[in-house]
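Structural description and commentary
Here's the letter readout for the chains.
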Amino acid sequence: MLQIKNISFGYKNALVLQNISFNVKKGEHLSVIGESGSGKSTLLKLIYGTYDLNEGQIFWNDTKILGPKYNLIIGPEFMKYVAQEFDLMPFTTVSENIGEFLSNFFPKEKQKRIIELLEVVELLPFANTKVKELSGGQKQRVALARALAKQPELLLLDEPFSHIDNFKKQSLRRSLFKYLKEKEITCIVATHDKDDVLSYSDIMIVLHETRIIANNSPLQLYNSPENKLIASFFGEFNVLEHYGLVYANQLKIVKKSALKAIVCNSYYKGNFYLIEAKHNEQIIFIEHPETLKNGLEISFSVDKNLK
Ligand code: ADP
Ligand code: MG
């Protein structure tokens, strides 16, 4: 189990993170969300032992994670960190990069392992391509495979799919998180993408203004977002008098209602239109199956049970 005990840290004087505490059990997946600059990457780097803490402690089971003041080599053996800016060996092949840390004493096993990992990140056809010839997204996948090569107990992923296009992202996510669950690899993912969280995380923590403002299951936080920041992570939402935070899909256009609005715009979203409308001088958003004319008066109802 990973235990983060009341840690605080600042690069210079101002603290970037303070009084951060949480636990992650073996095999669990935790996601860290928060606006840009909220300290997600810093938190992962602290867990990896990149910097010395101002306060607090980090333990993986009984092992205390030490910073550079107390440790010559950054990053314990059992942990891997895939940085936002992945660093690979550009002039060698994908296979060589993935196998860099694997022993050459067992060439057959090594080859088998590399192929297994190439399959997880869907790069088998690129096994012998030099890394410098790859796209950003392909490099990111090599970095993932390389981190998995010597199976870590704890994997830290910093926006792991940020360079990967939508065509590949969905299947790669499924394949990677399935692999991690099967192998019971504990995983912490810093992300700004709700699709990384909803289907794959057991817990999610939210960083805001140096602190953790929520720590709960994605299901709980989606269904009862405690504040606007959390709601906005999941989708378009409204703050309505008497109702509080309401997602756009929880408003329904109906024939008759005391709640009225004037349509300002319809945005095509594929399986629905997002209707932007003015309700009592306030802009609201409603999901609707059809586009609507600007200026049209609509009536709407609120159903917070709608999913
Ligand atoms: P996130 O990953 O959530 O975008 P970061 O952890 O990268 O946030 O950054 C948190 C804060 O720390 C930001 O204000 C950023 O400017 C600052 N910061 C990050 N890295 C450094 C650094 N190496 N030196 C000084 N300040 C840094
Ligand atoms: Mg970051």
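Residue positions are given per chain, counted from 1 along the sequence in the order it is written. Chain letters start at A and ligand numbers start at 1, both assigned in the order the entries are written. Local features in this predicted model are restricted to residues of pLDDT 70 or higher, and side-chain atom pairs are both shown and tallied only at a pLDDT of 80 or more, whereas totals for entire chains, interfaces and linings draw on every residue. To obtain the side-chain values, all non-hydrogen atoms of the structure were used and water was disregarded.

Describing the domain arrangement of the protein chain
Where each domain starts and ends follows an automatic or database-derived domain assignment. Considered domain by domain, the protein chain is made up of domain 1 (2-223) and domain 2 (239-302). Placing the centre of domain 1 and that of domain 2 at their C-alpha centroids yields a distance of 40 Å.

Let's talk about the coordination of the magnesium ion (ligand 2)
For Na, K and Ca the donor cutoff is 3.2 Å, while for all other metals N, O and S atoms count as donors only within 2.8 Å; water does not appear among the atoms, so some sites may look incomplete. Bound to the magnesium ion (ligand 2) are the protein donor atoms Ser41 (OG) and Gln84 (OE1), situated 2.1 to 2.5 Å from the metal. Remark: Gln84 occurs in the loop between β6 (79-82) and α2 (94-98) and Ser41 occurs in helix α1 (residues 40-48); sequence separation between them is 43 residues. Type-normalised accessible area, obtained with a 1.4 Å probe on protein chains alone, sets the label of each residue: buried when under 20%, exposed when over 50%, and partly exposed for intermediate values. Judged by relative accessible area, which is 19%, Ser41 ranks as buried. Judged by relative accessible area, which is 28%, Gln84 ranks as partly exposed. Only runs of H or I of at least four residues qualify as helices and only runs of E of at least two qualify as strands under DSSP, and these elements are numbered from the N terminus.

Quick word on the sheet that holds strand β2 (residues 17-24)
The strand order across the open sheet formed by four strands is β2-β1-β4-β5, and the pairing between neighbours is antiparallel. The open sheet has two free edges, formed respectively by β2 and β5 (63-64), since each of these has just one partner strand. Note on pairing: two strands pair once DSSP finds at least 2 bridges between them.

Examining unusual backbone geometry
Backbone geometry places Glu122, a non-glycine residue, at a positive phi of 55°. Along the chain, the position of Glu122 falls in the loop between α3 (107-120) and α4 (136-149). Not every positive phi belongs to a glycine, and Glu281 is a case in point at roughly 70°. Within the element layout of this structure, Glu281 appears in the loop between β15 (273-279) and β16 (282-288).

Quick notes on the nonpolar core
Side chains that are nonpolar tend, in soluble globular proteins, to be buried together. Here, the term nonpolar core denotes a set of buried Ala, Val, Leu, Ile, Met, Phe, Trp, Tyr and Cys residues that are joined through side-chain atoms within 4.5 Å. In this structure, Ile98 and Leu180 are the most contacted members of the largest nonpolar core, which totals 35 residues. Only α2, α3, α4, β7 (154-158), α5 (166-182) and β8 (186-190) provide two or more residues apiece to this core. Counting residues per element, this core draws most heavily on α4, at seven residues. Ile98 has contacts with Ile114, Leu117, Leu118, Val142, Ala145, Arg146 and Ala149, leaving out every residue within four places of it along the chain. Counting 29 residues, the second-largest nonpolar core is a separate cluster that includes Ile20, Val32, Tyr48 and Trp60. We call two residues contacting when some pair of their heavy atoms lies within 4.5 Å.

With respect to the pairing of β7
The element β7 is extensively covered by neighbouring structure, given that five of its five residues are classed as buried. Going residue by residue along β7, you find Leu154, Leu156 and Asp158 tucked away on one face and Leu155 and Leu157 tucked away on the opposite face as well. Across four bridges, β6 lies against β7 in parallel orientation. Each residue of the ladder has a partner; that of Val82, found in β7, is Leu157. Alignment of β7 against β8, held across five bridges, turns out to be parallel. Residue pairing across strands places Leu157 opposite Val189, the latter belonging to β8. The handedness of the β7 to β8 crossover, carried by α5, is right-handed. A right-handed crossover is one whose linking path, passing over the helix from the first strand to the second, runs clockwise when the strands point away from the viewer.

Considerations on the pattern of salt bridges
Salt-bridge detection follows one rule: a side-chain nitrogen of Lys or Arg within 4 Å of a carboxyl oxygen of Asp or Glu. Counted according to the given criterion, the structure contains ten salt bridges. Among the ionic pairs, Lys183 bridges to Glu116, the shortest N-O distance being 3.7 Å. Here Lys183, found in the loop between α5 and β8, pairs with Glu116, found in helix α3; they are 67 residues apart in sequence, far enough to count as distant. Lys183 sits in the partly exposed class, given a relative accessible area of 31%. A relative accessible area of 30% places Glu116 in the partly exposed class. Close ionic contact of Glu182 with Lys178 constitutes a salt bridge, the shortest N to O distance being 3.7 Å.

Description of α3
Every helix has an expected span of 1.5 Å times one less than the residues it contains. Taking 1.5 Å per residue, 14 residues should reach 20 Å; α3 reaches 20 Å between its end C-alpha atoms and fits that length. When we look at burial in α3, the residues that qualify are Lys110, Arg113, Ile114, Leu117, Leu118 and Val120. In an axial view of α3, the angular spread of the buried residues amounts to 155°, which keeps them on one side of the axis. Facing away from the buried side of α3 by more than 90 degrees, the exposed set consists of Lys108 and Lys112. For α3, the secondary structure elements touched by its buried residues are α2, α4 and α5. Positive phi appears at Glu122, one or two residues downstream of α3, with a value of about 55°. When we speak of the arc, we mean the arc of directions from the helix axis to the C-beta atoms.

Digging into the layout of surface pockets
Cavities and pockets are found on a 1 Å grid laid over the protein atoms alone: a cavity is a set of points where a 1.4 Å probe fits but cannot escape, a pocket is an open set with protein on both sides within 12 Å along at least five of seven lines, and a lining residue has an atom within 4 Å of such a point. Grid points are joined across faces, edges and corners, and a volume is the space filled by probe spheres set on the points. Of the volumes computed, that of the largest pocket is approximately 480 Å³. Lining the largest pocket are 24 residues, with Tyr48, Lys80, Tyr81, Phe101 and Arg146 positioned closest to its centre. When contributions to the lining of the largest pocket are tallied by element, the ones reaching two or more residues are β6 and α4. Ranked by residue count, the leading element in the lining of the largest pocket is β6, at four residues. Taken as a whole, the second largest pocket encloses approximately 300 Å³ of empty space. Forming the boundary of the second largest pocket are 14 residues, of which Phe234, Gly235, Glu236, Phe272 and Glu287 lie nearest the centre. Each residue gets one label: Ala, Val, Leu, Ile, Met, Phe, Trp, Tyr, Cys and Pro are nonpolar, Asp, Glu, Lys and Arg are charged, and the others, such as Gly, are polar. Considering only residue class, the lining of the second largest pocket consists of seven nonpolar, three polar and four charged. When residues of the lining of the second largest pocket are assigned to domains, at least three fall in each of domain 1 (2-223) and domain 2 (239-302).

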